[in-house]
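The primary structure of each chain is shown beneath.
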Amino acid sequence: MAERPEDLNLPNAVITRIIKEALPDGVNVSKEARRAISQAASVFVLYATSCANSFAMKAKRKTLNAGDVMSAMEEMEFERFLPPLRDALEAYKKGQKGKKEASEQKKKDKEKKNGTEEHDKSREEEEEEEEHMEEEDGENEGEEEDVEN
């Protein structure tokens, strides 16, 4: 847990970016206002986390999940934020699924490539062994002729 209240604040760069995206161009925000928004955002996150944790504890879980956060938003009377939150969660899940599929495909391609390389290596080794055997056979035939003569 954080030891000082300032440890609970969100990074200023993140807050500044959110503020800029939320306001029209040309609107300036004082340093004092950014600090107040940052503190308010931190309090909101702590409150939402605490409410979500209550739902997880009721379900006898130690891990908060998206459903806990959704329930917390309802309990805090922020129902109007649920549709965009659900949309963002769905987009996140699709993105994660896409990353997972891409990772699995990359792994399959790598295994296939390694399998092909190993197959090529074993084929090369077999060919070299055959050549070596043929060379030995050729040498042995020459020796047999010498013995006969």
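An unreviewed UniProt entry annotates the chain as DNA polymerase epsilon subunit 3 of Astyanax mexicanus. Within the UniProt record for the chain, the comment given under Subcellular location (unreviewed entry) is "Nucleus".

What follows covers the overall build of the chain. The number of helices and strands found in the chain is 4 helices and 0 strands. Reading the secondary structure of the chain in the N-to-C direction produces α-α-α-α. Going through the 149 residues of the chain one by one, you find that 9% of them count as buried. Considering only contacts in the chain between residues 6 or more positions apart, those separated by 24 or more positions represent 35%. With an accessible surface of roughly 12,900 Å², the chain has 51% of that area assigned to carbon and sulfur atoms.

Below, the discussion takes up the pattern of salt bridges. Side chains bearing opposite charge may pair, as long as their charged atoms lie close to each other. This model, assessed by the stated rule, comprises 2 salt bridges. Here Arg 17 and Glu 21 are joined by a salt bridge, their closest N and O atoms 4.0 Å apart. Here Arg 17 and its partner Glu 21 are both found in helix α1 (residues 12–22), 4 residues apart, which amounts to about one turn of the helix. On the accessibility criterion, Arg 17 (48% relative accessible area) is partly exposed. Since its relative accessible area comes to 63%, Glu 21 is described here as exposed.

Here we take up the side chain of Ser 42. Looking at the element boundaries, Ser 42 is found in helix α2 (residues 31–58). Sequence-distant contacts of Ser 42, that is, excluding residues within four places in its chain, are made with Leu 8, Asn 9 and Leu 10.

The next thing to look at is the packing of α2 against helix α3 (residues 66–75). Interhelical geometry of α2 versus α3 gives an angle of 115° and a closest axis separation of 8 Å. Considering their axes alone, α2 and α3 lie roughly perpendicular with respect to each other. Crossing hand, α2 versus α3: right-handed. For the pair formed by α2 and α3, the contact residues are Phe 44, Ala 48, Cys 51, Ala 52, Phe 55 and Ala 56 on the first element and Asp 68, Val 69, Ser 71, Ala 72, Met 73 and Glu 75 on the second. The class makeup of the residues in the contact of α2 with α3 is 9 nonpolar, 1 polar and 2 charged.

This part covers the layout of surface pockets. Once rolled over the atoms, a probe with the size of a water molecule shows which space is left empty. Here the largest pocket is characterised by a volume of approximately 180 Å³. Sorting the residues of the lining of the largest pocket by element identifies α1 and α2 as the ones contributing at least two each. Among the elements that take part in the lining of the largest pocket, α2 stands out by supplying 4 residues, more than any other. Looking at the lining of the largest pocket, its residues break down into 1 nonpolar, 4 polar and 3 charged.

Now for the nonpolar core. Residues Ala 48, Cys 51, Ala 52, Met 70, Ala 72, Met 73, Met 76 and Leu 82 constitute the largest nonpolar core, which totals 8 residues. Where this core is concerned, the elements lending two or more residues are α2 and α3. Not counting chain neighbours up to four residues away, the residues in contact with Met 70 comprise Leu 82, Leu 85, Arg 86 and Leu 89.

Attention now moves to the packing of α1 against α2. Following both chains from N to C, one finds α1 and α2 inclined at 105°, their axes separated by 10 Å at the closest point. Classed by the angle they form, the pair α1 and α2 counts as roughly perpendicular. Between α1, through Asn 12, Ile 15, Thr 16 and Ile 19, and α2, the contact on the second element is made entirely by Arg 34, Ile 37, Ser 38 and Ala 41. In terms of residue class, the contact of α1 with α2 is made up of 4 nonpolar, 3 polar and 1 charged.

Thresholds applied
- Residues numbered from 1 in each chain as written.
- Predicted model: local features only at pLDDT ≥ 70, side-chain atom pairs only at ≥ 80, totals over all residues.
- Heavy atoms only, no water.
- UniProt positions renumbered as here; feature names shortened; annotations may be inferred.
- Helix = DSSP H or I, 4+ residues; strand = E, 2+ residues; numbered from the N terminus.
- Buried < 20%, exposed > 50% of the residue type's maximum accessible area, 1.4 Å probe, protein only.
- Contact = heavy atoms within 4.5 Å.
- Areas by Shrake-Rupley, 256 points an atom, 1.4 Å probe, with all protein chains shown as cover.
- Salt bridge = Lys/Arg side-chain N within 4 Å of Asp/Glu carboxyl O.
- Axes fitted to C-alpha atoms, helices over the stretch in contact; angles between N-to-C directions.
- Parallel < 35°, antiparallel > 145°, perpendicular 65-115°, else oblique.
- Left-handed = near helix turned anticlockwise from the far one by under 90°.
- Nonpolar A, V, L, I, M, F, W, Y, C, P; charged D, E, K, R; others polar.
- 1 Å grid on protein atoms, 1.4 Å probe; cavity = no way out; pocket = protein on both sides within 12 Å on 5 of 7 lines; lining within 4 Å.
- Points joined across faces, edges and corners; volume = space filled by probe spheres on them.
- Core = buried A, V, L, I, M, F, W, Y, C linked by side-chain atoms within 4.5 Å.

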